[in-house]
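Understanding the architecture of this molecule
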Amino acid sequence: MSHRSDVLPVADLVHDPDEANTNEFDPLVPRPIDRATELPLTGVLDEAVGDIAKIFAAPADPAEWPAWREALAAWRADARRRIDYSGAAYDDVTSRWTQHCASVALVWLWDERLFDAEAQRFDVQRFVGATAGFGGFDGVVLWHAYPVIGIDDRNQFDYYRDVPGLRELVAEFQRRGMRVFIDYNPWDTGTRRADHDDAAELALIVDELGVDGVFLDTMKEGDRALVRALRESSPPRALEGESRVPNVRIEDHQLSWAQWFDDSEAPGVMRAHWFERRHMMHSTRRWNRDHSSELQSAFMNGTGMLVWDTVFGVWVGWNARDQSTLRRMLRVQRALGDVFVGGDWVPLDGASGHALDHGVYASRWSTDEVDVYTLVNRSGVDYTGPALSAEHVSGVLWDATAGRIVGPEGVVVPARGVTAIVREKARGLTTAPDVTEPHSELLRGLLAEAAADAPSADSSFPAREAVRRIPAAAPVAAAPADSVVIDAATHELVVRFRRRETGLYGEAPYVEEWKPLPPRLHDDRSLEVTVETGRVAVARREVTRAEFDRFVADTGYAPAGDNRFLLAAQAGGDAVTCVDLDDARAYAAWAGARLPTEFEWQLAASDGAFERAEPWVWNWTESEHSDGVTRFVQLKGGADYEAQGSDWYVDGGRREPDFSLKYLLTGLGISRSPNIGFRLAWDLEDES
């Protein structure tokens with residue numbers, strides 16, 4: 001069976017084993033679909049397997065490596081022949097940047113390192129400084145809608161278009177040399193429909209924002225209309241599929257996530273990159289606290305990394321060791337990028353027997369000017385000694401990750417780390433004793449940077465605490481009318497929530513797990529909490545639109561940014577909506593009150609006097625948290641609105657009082673929704 005690259009493999013679109021139920025698997029063990037594929041050293045690999053494999057496993061026995069390399073070359077030639085592969089898209093000069101886009105950060109648009117919530121403005125310089133430990137990024141993905149989309153009928157395009165100054169933010173990243181991607185969510189079918197179909201709408205918005213590419217969420221490949229719309233835009237926009245893009249789509253998807261790839265002990269080769277060397281891949285396992293396997297696999301393949309240290313509001317930080325490994329990689333990949341893209345790549349070639357005995361592997365990349373050896377140390381202890389076998393040690397060798405000449409003692413390959421050795425062919429193959437620096441100015445600069453950055457061995461988790469912000473409020477002598485009084489006491493409560501990928505507070509739900517998917521990914525959870533409260537009164541009903549209008553009229557209140565402020569047309573008696581948390585707090589302070597915490601709201605709602613205005617809307621609570629990267633709040637009560645058609649939408653519908661929704665806070669008015677209102681609470685003076 002053969003395919004041309006302009007025909008979509010229908011079967012792959014109908015049934016995708018990557019998206020199968022994972023409840024029956026041990027989540028700490030890679031699924032069969034994640035594991036490296038064995039490539040027969042003789043015979044033919046079934047194309048249904050090989051053409052979508054994540055990574056080809058390397059044989060454990062070095063004696064089999066030459067035959068394995070021959071099998072790899074034969075597989076590639078056959079796979080290209082079967083689909084009449086041309087690779088023409090990679091020749092387009094306007095898209096060649098994709099081949100060197102080695103490090104990409106997936107960033108929540110409202111990440112506090114990027115968005116200054118107090119000043120209500122984006123600050124790219126602050127982001128660059130806060131993330132400098134990663135060695136700088138070649139690109140950023142500005143993730144925007146999930147996990148808040150579905151709170152109302154705004155669609156994924158609205159969540160970009162409604163952000164003031166977003167085009168200017170994109171331009172600022174680009175001025176600093178970073179490519180900018182937006183994301184596309186194909187599952188967004190239950191919110192309001194845009195004026196055009198998704199393909200046409202996406203083509204419009206990439207032009208409006210001036211971005212360079214699109215990350216395809218939950219999709220390995222775009223359909224024909226989507227591909228055509230983005231590739232025919234001017235300039236053509238790059239598409240990056242999520243995990244193992246099939247061979248027939250490599251022609252028009254120039255990048256892909258290498259997501260949850262389980263490599264062999266002797267590093268294997270990534271199928272898509274081996275098929276097309278110019279196809280950039282970004283390794284990632286989002287819930288890992290140890291990224292050494294992904295980093296090593298990427299370095300041995302000449303591919304890149306997706307840095308994702310905050311997954312939809314959950315801090316999963318990178319340790320210092322892995323950050324330093326990434327910096328070592330990137331310096332080499334950026335300085336010698338043309339070697340990795342266009343040089344002769346020989347996987348698992350050049351390592352000394354002594355190195356192999358200690359779990360150190362090497363691959364060779366060669367041009368007429370240089371040989372580059374990438375080395376990885378699979379063991380948990382530093383390796384010091386000869387790295388290359390005798391036939392590879394002639395000439396002057398430079399340790400491009402330590403910034404020095406390689407002497408008789410060899411090199412150090414850090415535990416779970418990487419090292420690169422470079423030989424300049426211009427100097428010939430004879431070692432000159434008086435050589436003190438490389439012939440190439442580029443290599444001299446690389447060595448100087450490397451020498452100034454010692455590797456770190458610190459693999460401890462850089463924990464962050466999500467701290468609750470509690471604004472002060474003066475107590476009142478007596479409970480206001482139409483309020484529910486909660487006595488000072490210790491309360492045992494059960495809180496229910498849907499886990500999704502956000503968890504409930506600051507916890508990471510799937511640490512070190514392989515790909516969690518529905519139904520487990522979105523399962524219902526409960527948490528028992530012990531809560532101490534003082535004497536508190538909680539309003540029986542929400543603040544109405546008429547009451548809020550009176551506050552605005554009496555005080556002249558105007559928010560710092562009026563985007564979406566009081567946007568919804570409402571009757572005076574309806575619960576006021578299209579106000580954000582700061583708007584609600586301003587009203588509460590004017591009224592001599594505050595907002596109830598989520599626990600106070602839950603306790604008060606169990607009283608028969610507690611009321612809900614029609615239509616039901618979620619209620620803001622005084623439960624803002626921040627870990628310095630993500631701000632979130634708990635919403636209570638549910639709403640009559642419920643987006644249909646996908647489990648990825650935020651929770652909707654009427655909810656029992658014990659249900660909580662972790663809602664990530666945005667900025668510039670984007671949190672203002674026609675389905676979120678608020679009520680008041682008062683601290684009461686002691687009765688004594």
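Residues numbered from 1 in each chain as written. Predicted model: local features only at pLDDT ≥ 70, side-chain atom pairs only at ≥ 80, totals over all residues. Heavy atoms only, no water.

**Let's talk about the overall build of the chain**
In terms of helices and strands, the chain carries 18 helices and 33 strands. Taking 688 residues into account, the globule formula puts the C-alpha radius of gyration at 26 Å, and the chain, at 28 Å, falls close to it. Projected onto the principal axes, the alpha-carbon positions of the chain cover approximately 90 × 55 × 45 Å. Burial analysis of the chain (688 residues in total) assigns 61% to the buried set. (Helix = DSSP H or I, 4+ residues; strand = E, 2+ residues; numbered from the N terminus. Rg over C-alpha atoms; globule rule 2.2 N^0.38 Å. Buried < 20%, exposed > 50% of the residue type's maximum accessible area, 1.4 Å probe, protein only.)

**Some thoughts on helix H15 (residues 441–451)**
Every buried residue belonging to H15 is among Leu443, Leu446, Leu447 and Ala450, and all of these are buried. Buried residues of H15, viewed axially, fall in a sector of 95°; they line one side. H15 presents Glu441, Ala448 and Glu449 as exposed residues on the side facing more than 90 degrees away from its buried surface. Its buried side turned inward, H15 meets helix H12 (320–335), strand S19 (397–399), strand S20 (404–405) and strand S22 (418–424). (Arc of directions from axis to C-beta. Contact = heavy atoms within 4.5 Å.)

**Some thoughts on the packing of helix H16 (residues 545–555) against helix H17 (residues 581–590)**
As a packed pair, H16 and H17 sit with axes 11 Å apart at the nearest point and diverge in direction by 75°. One finds that H16 runs roughly perpendicular with respect to H17. Within the contact between the two elements, H16 uses Glu547, Phe548, Phe551, Asp554 and Thr555 and H17 uses Asp583, Ala586, Tyr587 and Trp590. (Axes fitted to C-alpha atoms, helices over the stretch in contact; angles between N-to-C directions. Parallel < 35°, antiparallel > 145°, perpendicular 65-115°, else oblique.)

**Here's the deal with the pattern of salt bridges**
Summed over all chains, the structure comprises 59 salt bridges. Within the structure, one salt-bridge network assembled from shared partners comprises Arg469, Asp582, Arg585, Glu622, Glu624 and Arg631. (Salt bridge = Lys/Arg side-chain N within 4 Å of Asp/Glu carboxyl O.)

**Here's the deal with the sheet that holds S22**
Taken in spatial order, the six strands make up an open sheet running S15-S16-S17-S22-S19-S20, and their pairing is antiparallel. Of all strands in the sheet, those with a lone pairing partner are strand S15 (344–346) and S20, marking the two edges. Looking at chain direction, strand S17 (residues 370–377) and S22 are connected through seven bridges and run antiparallel. Bridging across to S22, aspartate 371 finds its partner in arginine 423. (Pairing = 2+ DSSP bridges.)

**Observations concerning the pairing of strand S27 (residues 536–539)**
Alternating positions in S27 separate into two faces, Val536 and Val538 on one and Ala537 and Ala539 on the other, with burial throughout. In this sheet, strand S33 (residues 681–683) lies alongside S27 in antiparallel orientation, the contact comprising three bridges. Opposite alanine 537, over in S33, you have tryptophan 682 as the bridge partner.

**What to know about the confidence of the model for the chain**
Residues of the chain with pLDDT of at least 70 account for 95%, and the chain-wide mean is 94. Long-range and interchain partners of residues 1–15, a stretch whose pLDDT sits below 50, account for 30 contacts in this model, where long-range means more than four residues apart. (pLDDT = per-residue confidence, 0-100.)

**Comments concerning the packing of aromatic side chains**
Counted under the stated rule, the structure contains 39 aromatic pairs. With centroids separated by 5.6 Å and ring planes inclined at 75°, the aromatic side chains of tryptophan 187 and tyrosine 649 adopt a geometry described as edge-to-face. Taken together, the positions of tryptophan 187 in the loop between strand S6 (179–184) and helix H7 (198–209) and tyrosine 649 in the loop between strand S30 (631–636) and strand S31 (660–664) put the pair 462 residues apart, joining distant regions of the chain. Of the two residues examined, tryptophan 187 and tyrosine 649, each falls in the buried class. Plain terms: the ring middles of tyrosine 587 and phenylalanine 678 are 5.7 Å apart, the flat faces sit at 70° to each other, and that makes the pair edge-to-face. Taken together, the residues tyrosine 587 in helix H17 and phenylalanine 678 in the loop between strand S32 (676–677) and S33 connect sequence positions 91 residues apart. Across this residue pair, the class does not change: tyrosine 587 and phenylalanine 678 are buried. Counting every residue linked through ring pairs, the aromatic cluster contains Trp97, Trp143, Tyr146, Phe181, Trp187, Phe215, Trp257, Trp308, Phe312, Trp648 and Tyr649. Sitting over the face of the ring of phenylalanine 461, arginine 289 holds its NZ or CZ atom 3.7 Å from the ring centroid. (Phe/Tyr/Trp six-rings, centres within 6.5 Å; stacked < 30°, edge-to-face > 60°. Lys NZ or Arg CZ within 6 Å of the ring centre and 35° of its normal.)

**Concerning the side chain of aspartate 183**
Tracing the backbone through its elements, the reader meets aspartate 183 in strand S6. A distance of 3.0 Å separates polar atoms of two side chains, one belonging to aspartate 183 and the other to histidine 144. With near-sequence residues (within four places) excluded, aspartate 183 lies in contact with Leu142, Trp143, His144, Gln156, Tyr160, Val214 and Phe215. (Polar contact = N/O pair within 3.5 Å; in protein donor to acceptor, adjacent residues only side chain to side chain.)

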